[in-house]
Amino acid sequence: MNGMVYLVGAGPGDYRLITLKGKECLEKADVVICDYLADKRLLAFAPENVEYIYVGKKAGNHAMRQEDISQLIADKAKEGKCVVRLKGGDPFVFGRGGEEAEVLKNNGVKFEIVPGVTSAIAAPAYAGIPVTNRKVAVSFAVVTGHEDPTKGKSDINWEKLSTAVDTLVFLMGVGNLPHITSQLIKYGRSADTPAALVRWGTKAQQEVLITTVGKAAEDVIKHNLKPPAVFVVGNVVNLRSTIQWFDNKPLFGKNILITRARSQASKLTTALEELGANCIEAPAIKIAPPDDNYVSLDNAITKIHDYDWIIFTSTNGVERFFARLNEKNLDARCLSNAKIAAIGTATADKLKNYGIIADKIPTMFKAEGILEVLQNDIQKGSKVLIPRAQKAREALPIGLRQMGAIVDVAETYCTKMADTNKDDIKDLLKNNQIDMVTFTSSSTVENLLKLIDDEKTLLNNVKTAVIGPITAKTCKNNGLKVDIEADVYTIDGLVNKIKNF
Ligand code: SAH
């Protein structure tokens, strides 16, 4: 039995706040066991065939009992597996990680603790509230807010706690604020003391409510603020007016639906999230082998030395082309006879990864523009290869043939509908929980419409942002309005336009 358990702090909310060691543990996990505070995107770090067990509370579904969870972790490890137990924040800060570790010890299972960034510090930090400050607070305490007030006796020494520490941070306290605040006031903390509630801290849904100890309980009801939130008490709360940095970003609070193949979505998502947006990835398309099972591409590869020009039209085309070369034990050197054109700077950048600097980089995406750039290079009789998507516009090969070139089109991939959770996306749209949808190619438009069963009315209140004129046209042809169209037809161009919208 070589099983191993890592009790890993997942961080407070934003999945990127996991530690490097926590990520390394996920990368080698056989089993991941997590609850509702851990972001699902962390799972992307785990191997694809990882066993994922959710033990948290879900609507209509009771949480597993703590003893059962601890035993499950131990049992999985006893099967010889590498188990990652992911816990929100830090595993030992009200995370019951200590109890789980005891059970593992008693079961003779090896374990390690990987501390995490606790919400007690991170949620205030993302609200612009430092828990200590040389001038304002030299101490802080983290306190459970979950004590049952009807219990009669409290484990919290309110009399000493209320005034002994400058900053108090209560976790799990939202439902219990009348009790918490009345105890604080009873034992000498002024009702005017500044206080804040930070809900879903560090996430794009973060909400901050600034109040006072005296008014907090009432304000929470008035603003219908729900858990999970931390309750921060102390003069440090005033610093938010100067230090606020996160929830005042340009796209903060905006929910944007990203329709791209999963492998490409991350760049757009990262850029928009950097600006504060909450991105929901609907990988409406995924990259798959072409239906001809590479017959056209393999043909082209066998006579690759004959081509005078090879025109790459997309980053996917580049990736799939070189992946196929690689499968045939070939590399970029077999392209040495040809000149290379890359349509768009992103395609050119992708080629650099394979050691190739494009000779020509037309930055316009319409065939006429591309042909104009290449007209002095491609002559009558020039042999041209275009490795590209299965379903692509014919204007480019047609135009080149009209210039007298001999053109081969090789299908390097096709885009297919991904099996996204379609009901989730439809629900979000129905409940007006999407502010904007991005389209980065015509196929993303068509596939999203398929995904929502062509119920275009679902998109009535949603702004659409498209990467360029061709995609815009596809939107219009499908009866969708276009609110934002990038001037520069790249991800950066699109992000810029959205930011300034
Ligand atoms: N181990 C966790 C705390 C678990 S107790 C940690 O170190 O953060 C659960 C409580 O943590 C919640 O009731 C809430 O008070 C707090 N919490 C967790 N994540 C939070 C977040 N993103 N924003 C605000 N509070 C959070």
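Rules of the game
- Residues numbered from 1 in each chain as written.
- Predicted model: local features only at pLDDT ≥ 70, side-chain atom pairs only at ≥ 80, totals over all residues.
- Heavy atoms only, no water.
- Helix = DSSP H or I, 4+ residues; strand = E, 2+ residues; numbered from the N terminus.
- Buried < 20%, exposed > 50% of the residue type's maximum accessible area, 1.4 Å probe, protein only.
- Near = heavy atom within 4 Å.
- Polar contact = N/O pair within 3.5 Å; in protein donor to acceptor, adjacent residues only side chain to side chain.
- Areas by Shrake-Rupley, 256 points an atom, 1.4 Å probe, with all protein chains shown as cover.
- Nonpolar A, V, L, I, M, F, W, Y, C, P; charged D, E, K, R; others polar.
- Domains from an automatic or database assignment.
- Contact = heavy atoms within 4.5 Å.
- Disulfide = S-S within 2.5 Å.
- Pairing = 2+ DSSP bridges.
- Axes fitted to C-alpha atoms, helices over the stretch in contact; angles between N-to-C directions.
- Parallel < 35°, antiparallel > 145°, perpendicular 65-115°, else oblique.
- Left-handed = near helix turned anticlockwise from the far one by under 90°.
- Arc of directions from axis to C-beta.

## Some words on unusual backbone geometry
Here the residue pair P227 and P228 is connected by a cis peptide bond, since its omega of 0° sits within 30 degrees of zero. By secondary structure assignment, the location of P228 is in the loop between α7 (216-222) and β10 (229-233). One non-glycine residue, T202, lies in the positive phi region at around 75°. With respect to the element layout, T202 can be found in the loop between β8 (194-199) and β9 (207-212). Judged by relative accessible area, T202 falls into the buried class, the value being 2%. In this model, N329 sits at a positive phi of 60°, which is unusual for a non-glycine residue. Within the secondary structure layout, N329 lies in the loop between α11 (315-327) and β15 (339-342).

## A word on the site of the ligand
Inspection of the region around the ligand gives 18 residues, with V93, T118, S119, G201 and A229 positioned closest. A distance of 2.8 Å is found between a nitrogen atom of the ligand and a backbone nitrogen or oxygen belonging to D90. Here V93 contributes a backbone N or O atom positioned 2.7 Å from a nitrogen atom of the ligand. Considering the ligand on its own, with 540 Å² of exposed area, one finds that the protein chains cover 94% of that surface. Every element with two or more residues in the shell around the ligand is listed here: α4 (119-126) and β10. Class assignment of the residues belonging to the shell around the ligand gives a composition of twelve nonpolar, five polar and one charged. Viewed by domain, the shell around the ligand spans two of them, domain 1 (4-116) and domain 2 (121-243), each represented by three or more residues.

## Some thoughts on the domain arrangement of the chain
Put simply, an interface is often sized by how much accessible area is lost when its parts join up. By domain assignment, the chain separates into domain 1 (4-116), domain 2 (121-243), domain 3 (255-284 + 418-500) and domain 4 (295-415). Look at where the C-alpha atoms of domain 1 and domain 3 centre, and you get two points 33 Å apart.

## Some remarks on α4
For α4, every residue scored as buried is listed here: A120, A122, A123, P124 and Y126. The inward-facing, buried residues of α4 abut β6 (140-144), β7 (167-171), β8 and β10. At the C-terminal side of α4, G128 shows a positive phi close to 80°.

## Some details on the state of the cysteines
Applying the stated criterion across every chain, the model contains zero disulfides. Left without a disulfide partner, C279 is nearest to the cysteine sulfur of C475, which lies 18 Å away.

## A look at the sheet that holds β7
Taken in spatial order, the five strands make up an open sheet running β6-β7-β10-β8-β9, and their pairing is mixed. Taken across any chain shown, the strands that pair with only one partner, and hence form the sheet edges, are β6 and β9. The mean inter-strand angle of the sheet, taken between neighbouring strand axes irrespective of direction, is 20°. Relative to β10, β8 runs antiparallel, the two being bridged by five bridges. Bridged to V198 within β10 is V230. Contacts from α4 reach β6, β7, β8 and β10 within the one sheet, and its direction differs from that of β10 by about 80°. In the packing of helix α6 (residues 177-186) onto the sheet, the strands contacted are β7, β8 and β10, and the crossing angle to β10 comes to about 15°.

## With respect to the environment of Y294
Its place among the elements puts Y294 in the loop between β13 (285-288) and α10 (295-302). Given the relative accessible area of 7%, Y294 is considered buried. A C-alpha to C-alpha distance of 6.7 Å links Y294 and T412, two positions 118 residues apart in sequence. In this structure, Y294 is in contact with P289, R320, R324, E411 and T412, ignoring residues within four places of it in sequence.

## Some points on the packing of helix α16 (residues 442-451) against helix α17 (residues 469-477)
In contact at an axis separation of 8 Å, α16 and α17 are set at 25° when each is read in the N-to-C sense. Here α16 lies roughly parallel to α17, going by the angle between them. Remark: the crossing between α16 and α17 carries right-handed chirality. Residues S442, V445 and E446 of α16 form the contact with α17, whose participating residues are I470, T471, T474 and C475. Taken together, the residues of the contact of α16 with α17 sort by class into three nonpolar, three polar and one charged.

## Regarding helix α3 (residues 97-106)
Those residues of α3 that fall on the buried side of the exposure criterion are G97, E100, A101 and L104. Down the axis of α3, the smallest arc covering the buried residues is 100°, so these residues share one side. Of the exposed residues in α3, those oriented more than 90 degrees away from the buried face are E102, K105 and N106. The elements touched by buried residues of α3 are β1 (4-9), α2 (66-78), β4 (82-87) and β5 (110-114). Following α3 by one or two positions, G108 has its phi on the positive side, about 70°.

## Notes on the pairing of β4
Here β4 lies mainly inside the structure; six of its six residues are buried. Taken together, the six bridges between β1 and β4 define a ladder with parallel strand orientation. For V8, the partnering residue across the bridge sits in β4 and is L86. Bridge count between strand β2 (residues 31-34) and β4: four bridges; the pairing is parallel. Residue pairing across strands places I33 opposite R85, the latter belonging to β4.

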